[in-house]
There are 2 protein chains.
Amino acid sequence: MQWVKAYDGTVLTSDLLAAVIVTIMLIPQSLAYAMLAGLPAEVGLYASILPLVAYAIFGTSRTLAVGPVAVVSLMTASAIGQIAAEGTLDYLTAAIVLALLSGGMLVVMGIFRLGFLANFLSHPVISGFITASGLLIAAGQLRHILGVSGGGDTLPNILLSLSGQLGAVNSVTLAIGIGVLAFLYFARKYLKPLLVAMRVPVRLADMMAKAAPILAVAVTVALAAGLDLGARGVALVGAIPQGLPAFGAPALSLDLITALLMPAFLISVVGFVESVSVGQTLAAKRRQRIDPDQELIGLGAANIAAGLSSGYPVTGGFARSVVNFDAGAQTPAAGVFTAVGIALAALFLTPLLASLPQATLAATIIVAVLSLVDFGTVRRVFAYSKSDFAAMAATIIVTLGWGVELGIVAGVLLSLLLHLYRTSKPHVAIVGQVPGTEHYRNIERHSVLTRPEVLSIRVDESLYFANSRFLEDTIARHVAKQPDLEHVILMCSAVNAIDASALESLEEINRRLADAGIGFHLSEVKGPVMDRLKSTEFLEHLNGGVFLSQHEAVSALDRNCGIGRETPSQEPNEALKSGGPHKS
Amino acid sequence: MQWVKAYDGTVLTSDLLAAVIVTIMLIPQSLAYAMLAGLPAEVGLYASILPLVAYAIFGTSRTLAVGPVAVVSLMTASAIGQIAAEGTLDYLTAAIVLALLSGGMLVVMGIFRLGFLANFLSHPVISGFITASGLLIAAGQLRHILGVSGGGDTLPNILLSLSGQLGAVNSVTLAIGIGVLAFLYFARKYLKPLLVAMRVPVRLADMMAKAAPILAVAVTVALAAGLDLGARGVALVGAIPQGLPAFGAPALSLDLITALLMPAFLISVVGFVESVSVGQTLAAKRRQRIDPDQELIGLGAANIAAGLSSGYPVTGGFARSVVNFDAGAQTPAAGVFTAVGIALAALFLTPLLASLPQATLAATIIVAVLSLVDFGTVRRVFAYSKSDFAAMAATIIVTLGWGVELGIVAGVLLSLLLHLYRTSKPHVAIVGQVPGTEHYRNIERHSVLTRPEVLSIRVDESLYFANSRFLEDTIARHVAKQPDLEHVILMCSAVNAIDASALESLEEINRRLADAGIGFHLSEVKGPVMDRLKSTEFLEHLNGGVFLSQHEAVSALDRNCGIGRETPSQEPNEALKSGGPHKS
């Protein structure tokens, strides 16, 4: 919180302006995302007050805007929908407990520096998950646009539930929904250029375009109230309690906590990943840095604050943070000012919002989430890597067909398995000398020099249990092909580690080669790997030498050529010793 | 089956001799391991007839001796003990179905070349698992030595169950048990040297020592029959049906198959790993090779044969295969002759075996499995790698405390997680030029030349999702430390792959460095990695060049030093082009 000392009038003005804009954006969003999570509208507002203050104190990003976001709201609905029926007190309690649990987990992960866990969510899996979630959310909101009932956690269920309701469509609701959708789509796509063409300054035009949803809210509230649309079957948000949330912990039951542990963990990790990548991108633009482990604590504090003030899980939102940044927010104080803005809304605006059509909120959500759907990345990943694409496709299909939790788990597991499979069959190259240089390259890709007595083999992977038998097989295969062979040099430039299984395999290879009268040498062993090998008896057993470079190895064996098989096993060790302690 | 053509009298004699010795060894073992699996004694014999013939036809090892083995018998008992009570027909049916399922899985794995799955069992996990299984088996057999009832799948349960029975110890049984234990221990340790000292030829002495268990069987059968020990409370094997097993499939129920799927998979993988490592070791001694994928089919055929002839899961046994090899077995025909030997035993010896004390078999098992317990490897692994040791210790503790299935699963999962954790925080070195050479080495380990405008950074790991954010962080940290920096060179000599997540991170790093006016270059990119990068837009975006070697990169940037920031991004590409197509 160093920024507090340097705080002055200029910074205050910037922060205040940003806070006003974010507040205007956040009011409809917080109501909409609460609806998406199946929660009363005020819960969205509550989740946008205290959590923002907690993050301002404990977080490290200066511009991250914390609050309800679409994907986490969907995950919340999915998690608590399995425990209680929407609209019941149990459902609300479950949401609050979920926020507390998720907050607790994030803080614990921060304290134990477990932020690396988020690294196991690969980019294609996250991207696929967000795209699928966007589609799922948009489909789920269609019922509010059509004015019908329905539900479902998966795309087939949602569509099935909708298809049975098509006769019950409320035309007034549909008109409002389509009107707001069209307006928001127009605002997002054309309002800014139009305003700029009308000589409005670019930044102001941008902000005005971003404020379009609040305009849609105001207009539809006026329409609904003026024309008494509630009486014509248009679903309205209804009475929202006026005032600030009560502060306090909900009743905790062990059963509830157990049932929510896994969803809370998934929400924590997904929320953290989304938040940290926004935070890092924005920080880098101003040459600032964020500390991922401290971020965990900041987000954890925000979620605990949400749980203690009748809110639900929150995280740093992408669109809102970018707006905050662009609007000129300089310090986390902007977040505190936003919290004040939302608190004022909860105190004074709620009576007006009772007449807000749900279709307006649904349209807001649909326009927001469809911008998350990103088929361009799907295409790029497909072109670059089939295995990354497989993980991405699995994430999308399982998320759409079986829900968010299974989707993210399937994606992570598949990406891990594919990674392990790839490293279990590493790239292996037979190398030779590039003429006139000290470089050794793949014989299949370069015209290089080789000799029938020497096999130089480079394994392009760390040696560990999953590929150690592969290495045994590969060397045996190549040895069988080269009858004049006297020396095998294993070029270890790409070997970053050798685990106990691989060490066992190297011992075995050494034993087998020695039995066949073939020397076994290592070259370009990295420092940390060599340190490790020195602690074992392997180097004593080694029927050959260890060389600093591949060229030294080949030269040394060259000089000894024909002198006999025993010599190289001494000479290279001499060469090694005279070359000083082996390091690389 | 090329060996059939070259078959002649000499080979026949060798194979016959080996078969006689293995048969003598296998009779008590097959009875004992059936008892260990909780099955009637004859099931052990049945599992040692047809499976051996099937393996001789479909397997690739010339000397592997297939049949019941200790660890698989323990896993069988654990699996079917959860489904039916020992001694019931359902229990026997479950064992037969388990053999069929395991056989089917092995064949399928062989056809789809899934033998690599076994690679995920790291050496420390296998070794820990076998040690723990040995302890568990030995503890479980104590009740037969003491002549009490009892049971239990885990060490605490076994000991608890025994401790309640100490008052009921049968002293005659105990006398037989301790007698046989002492004799077998003596035979294993001192009989061979003693016989050699008595001028018996070494090989014969070895064989005689290996035949000690059959002697123990003969003597205790004679004692039990002669002194009517059954009447004195000594548990005997009892009547064994005389004759060959019926051939046919058991009644299969879907429930039973579902319940046995997971155990069958674990038994298949463990059995395959044990068998293949014995087979490879023996094959290498005679410069032969075995084909792991064909081995899967051979073992699968053996297990299907076991299931069709009232047997239970089998695999290649370590001790027995070594005996077969040492006794001079030349071809799989030795296995067929062994099968004939066991068939003869089933036809003619079974009436005699009715009087065999169970304590004799228990002593045979204990002496055999205690040789599997290997604390030396535990110590060596501890010294070499704490993370390998953690996986090993977890395997041992969970196997002893929670049973074989959880033990092996825990070991595999932990070793995978630790591997992923390690690669998610790779070793990173800042490198400089070794004076007077073209080599670049870690500045912390060598006295090397560096310059304040250039940061050369080598990442010793493939770049993939689990470490891509780590790379972003690391480069950002080093850049922040070097204010005069104009160029960052990422030395990719250890980068064997770049997945979609890492590509995204490289794009991000490039963007951030470009914003800061810093060039971003790659050196020593491997061929396959370069091919992949060329298919993307990354190289067009790259604010710098790609160099064949680190030295070329540093030299090129040297020449351009002071000319301005724009130059290097063109010049290196020129250098690259003039150097011909990039390959490494």
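Being a predicted model, the structure only gives us computed values, none of them experimental.

### Topic: the relation of the copies chain A and chain B
Working step 1: Each copy of the sequence occupies a distinct position, and chain A is placed on chain B by a rotation of 180° and an axial shift of 0.0 Å, giving an RMSD of 0.1 Å. Such a combination of rotation and displacement between the chain copies is what one expects of a two-fold axis. When C-alpha positions in chain A are compared against the rotation axis, the closest is assigned to A494 of chain A, at 2.0 Å.
Working step 2: In this assembly the copies share their binding face: 99% of the residues contributing to the interface of chain A also contribute to that of chain B.

### Quick look at the UniProt feature "domain: STAS" (unreviewed entry) in chain A
Working step 1: Look at the UniProt record and you will see "domain: STAS" (unreviewed entry) annotated at residues 444–557 of chain A.
Working step 2: A distance of 23 Å separates the end C-alpha atoms of residues 444–557 of chain A, which is 46% helix and 16% strand.

### Structural notes on the sheet that holds strand β4 (residues 440–442) of chain B
Residue and element names in this part refer to chain B.
Working step 1: Read across the open sheet, the six strands follow the order β4-β3-β5-β6-β7-β8; overall the sheet is mixed. Only two strands of the sheet have a single partner each, and these edge strands are β4 and β8 (546–547).
Working step 2: In terms of strand pairing, strand β3 (residues 428–433) meets β4 through three bridges, oriented antiparallel. Following the sheet pairing, G432 is matched in β4 by R441.
Working step 3: With respect to the sheet, helix α21 (residues 500–515) is in contact with β6 (487–491) and β7 (519–523), its orientation differing from that of β7 by roughly 140°.

### With respect to the packing of aromatic side chains
Residue and element names in this part refer to chain B.
Working step 1: Tallied over the full model, the rule gives six aromatic pairs over all chains.
Working step 2: Each ring, one from F186 and one from Y190, has its centre 6.2 Å from the other, and the planes form 40°; the classification is tilted. With F186 and Y190 both in helix α8 (residues 171–197), this residue pair falls four residues apart, about one helical turn.
Working step 3: The class for Y190 is partly exposed, based on a relative accessible area of 45%.

### Focus on the confidence of the model for chain A
Low pLDDT means the predicted coordinates in that region are not meant to be read closely.
Working step 1: Of all residues in chain A, 95% have pLDDT values of 70 or greater, and the mean over the chain is 88.
Working step 2: Predicted as a complex, the structure gets a pTM of 0.75 and an ipTM equal to 0.75.

### A look at the sheet that holds strand β5 (residues 454–459) of chain A
In a beta sheet, neighbouring strands pair by backbone hydrogen bonds and run either parallel or antiparallel.
All names here are of chain A.
Working step 1: Spatially, six strands are ordered β4-β3-β5-β6-β7-β8 in an open sheet, and the strand pairing comes out mixed. The two strands at the open ends of the sheet, each matched to only one other strand, are β4 (440–442) and β8 (546–547).
Working step 2: Where strand β7 (residues 519–523) meets β8, two bridges bridge the pair, whose relative direction is parallel. Of the residues in β8, the one forming a bridge with L522 is V546.

### Regarding the domain arrangement of chain A
Working step 1: What the domain assignment reports for chain A is domain 1 (2–417) and domain 2 (428–578).
Working step 2: Placing the centre of domain 1 of chain A and that of domain 2 of chain A at their C-alpha centroids yields a distance of 56 Å.

### Digging into the side chain of S133 of chain B
Residue and element names in this part refer to chain B.
Working step 1: Mapping S133 onto the fold places it in helix α6 (residues 123–146).
Working step 2: Assessed through its relative accessible area of 0%, S133 is described here as buried.
Working step 3: Apart from residues no more than four positions distant in its own chain, S133 is found in contact with V71, L74, T399 and V404.

### Let's talk about the interface of chain A and chain B
Reports of interface size often rely on the accessible area that becomes lost once the parts have come together.
Working step 1: Opposite the 71 residues of chain A that make contact, chain B presents 71 residues.
Working step 2: The contact between chain A and chain B buries some 6300 Å² in all, and 55% of this surface belongs to carbon and sulfur atoms.
Working step 3: At the junction of chain A and chain B, the tally comes to four salt bridges.
Working step 4: Between the two partners, chain A and chain B, sit 19 residue pairs in polar contact (both at pLDDT 80 or more).
Working step 5: Elements that contribute at least two residues to the side of chain A that touches chain B include exactly α6 (123–146), α11 (254–285), α17 (375–384), α19 (404–424), β4, α20 (465–481), α21 (500–515) and α22 (527–534) of chain A.
Working step 6: Ranked by residue count, the leading element in the side of chain A that touches chain B is α19 of chain A, at seven residues.
Working step 7: Broken down by class, the residue content of the side of chain A that touches chain B amounts to 27 nonpolar, 22 polar and 22 charged.

### Considerations on the environment of A553 of chain B
Residue and element names in this part refer to chain B.
Working step 1: One can find A553 in helix α24 (residues 550–559).
Working step 2: Along the backbone, A553 and E524 are 29 residues apart, and their C-alpha atoms lie at a distance of 9.3 Å.
Working step 3: In contact with A553, other than residues within four places in its own chain, are I489, S523 and F547.

### Looking at empty space enclosed by the protein
Working step 1: Applying the stated criterion across every chain yields a total of eight cavities of 30 Å³ or more.
Working step 2: For the largest cavity, the calculated volume is near 540 Å³.
Working step 3: Forming the boundary of the largest cavity are 27 residues, of which M491, S493 and E524 of chain A together with S493 and E524 of chain B lie nearest the centre.

### A word on helix α10 (residues 212–226) of chain A
Residues and elements named next belong to chain A.
Working step 1: Taking 1.5 Å of rise per residue, 15 residues should cover 21 Å, and α10 covers 21 Å from first to last C-alpha, within 8% of that figure.
Working step 2: Listed as buried for α10 are A212, P213, A216, V217, T220, V221 and A224. Relative to the axis of α10, the buried residues are bounded by an arc of 165° and lie together on one face.
Working step 3: Taken from the residues just after α10, D228 is the one with a positive phi, measuring 50°.

### Section: unusual backbone geometry
Working step 1: Its identity is not glycine, yet E524 of chain A carries a phi of approximately 55°, on the positive side.
Working step 2: Following the sequence through the fold, E524 of chain A ends up in the loop between β7 and α22.
Working step 3: We classify E524 of chain A as partly exposed; its relative accessible area is 21%.
Working step 4: Phi at R113 of chain B takes a positive value of approximately 50°, unusual for a residue other than glycine.
Working step 5: Mapped onto the elements of the fold, R113 of chain B is located in the loop between α5 (89–111) and α6.
Working step 6: By relative accessible area, R113 of chain B is classed as exposed at 53%.

### Quick look at the packing of helix α4 (residues 70–81) of chain B against α5 of chain B
All names here are of chain B.
Working step 1: Two elements in contact, α4 and α5, have axes separated by 10 Å at closest approach and are oriented at 120°. Relative to α5, the element α4 lies oblique. Seen along the crossing, α4 lies across α5 with a hand that is right-handed. Side by side, α4 and α5 meet where T76, A77, A79, I80 and G81 of the first sit next to Y91, A94, A95 and L98 of the second.
Working step 2: For the contact of α4 with α5, the residue count by class is seven nonpolar, two polar and no charged.

### Focus: the pattern of salt bridges
Working step 1: Taken as a whole, this structure holds 22 salt bridges over all chains when the rule is applied.
Working step 2: Salt-bridge contacts for D531 of chain B lead to R445 of chain A; the nearest nitrogen and oxygen are separated by 2.5 Å. With one member in each of two chains, D531 of chain B in helix α22 (residues 527–534) and R445 of chain A in the loop between β4 and β5 form a pair that bridges those chains.
Working step 3: Under the relative-accessibility criterion, D531 of chain B is labelled partly exposed at 37%.
Working step 4: Each of E472, E508, R511 and R512 of chain A takes part in salt bridges that share partners, so that together they form one network.

### Focus: the nonpolar core
Working step 1: Among the nonpolar cores identified, the biggest contains 151 residues, and L31 of chain A together with V488, L490, I498, L506, F520 and L522 of chain B are the most heavily contacted of them.
Working step 2: With 13 residues, the single largest contributor to this core is α11 of chain A.

### So, the pairing of β3 of chain B
All names here are of chain B.
Working step 1: The buried fraction of β3 is high, at five of six residues.
Working step 2: Where β3 and strand β5 (residues 454–459) come together, three bridges link them in antiparallel fashion. Residue pairing across strands places A429 opposite R458, the latter belonging to β5.

### Thoughts on the side chain of H521 of chain A
Residue and element names in this part refer to chain A.
Working step 1: As for its position among the elements, H521 is in strand β7.
Working step 2: Classification of H521 as buried rests on a relative accessible area of 0%.
Working step 3: Of the polar contacts made by the side chain of H521, one reaches the side chain of H487; its length is 2.9 Å.

### Concerning the environment of S14 of chain B
Residue and element names in this part refer to chain B.
Working step 1: Looking at where S14 falls in the secondary structure, it is placed in helix α1 (residues 9–36).
Working step 2: Overall, S14 belongs to the partly exposed group, its relative accessible area being 22%.
Working step 3: Setting aside chain neighbours within four positions, we find S14 in contact with A327, G328, A329 and Q330.

The rules behind each value
- Residues numbered from 1 in each chain as written.
- Chains lettered and ligands numbered in written order.
- Predicted model: local features only at pLDDT ≥ 70, side-chain atom pairs only at ≥ 80, totals over all residues.
- Heavy atoms only, no water.
- Least-squares fit on C-alpha atoms with pLDDT ≥ 70 in both.
- Contact = heavy atoms within 4.5 Å.
- UniProt positions renumbered as here; feature names shortened; annotations may be inferred.
- Helix = DSSP H or I, 4+ residues; strand = E, 2+ residues; numbered from the N terminus.
- Pairing = 2+ DSSP bridges.
- Axes fitted to C-alpha atoms, helices over the stretch in contact; angles between N-to-C directions.
- Phe/Tyr/Trp six-rings, centres within 6.5 Å; stacked < 30°, edge-to-face > 60°.
- Buried < 20%, exposed > 50% of the residue type's maximum accessible area, 1.4 Å probe, protein only.
- pLDDT = per-residue confidence, 0-100.
- Domains from an automatic or database assignment.
- Buried area = accessible area lost by both parts, 1.4 Å probe.
- Salt bridge = Lys/Arg side-chain N within 4 Å of Asp/Glu carboxyl O.
- Polar contact = N/O pair within 3.5 Å; in protein donor to acceptor, adjacent residues only side chain to side chain.
- Nonpolar A, V, L, I, M, F, W, Y, C, P; charged D, E, K, R; others polar.
- 1 Å grid on protein atoms, 1.4 Å probe; cavity = no way out; pocket = protein on both sides within 12 Å on 5 of 7 lines; lining within 4 Å.
- Points joined across faces, edges and corners; volume = space filled by probe spheres on them.
- Expected span 1.5 Å × (residues − 1).
- Arc of directions from axis to C-beta.
- Parallel < 35°, antiparallel > 145°, perpendicular 65-115°, else oblique.
- Left-handed = near helix turned anticlockwise from the far one by under 90°.
- Core = buried A, V, L, I, M, F, W, Y, C linked by side-chain atoms within 4.5 Å.

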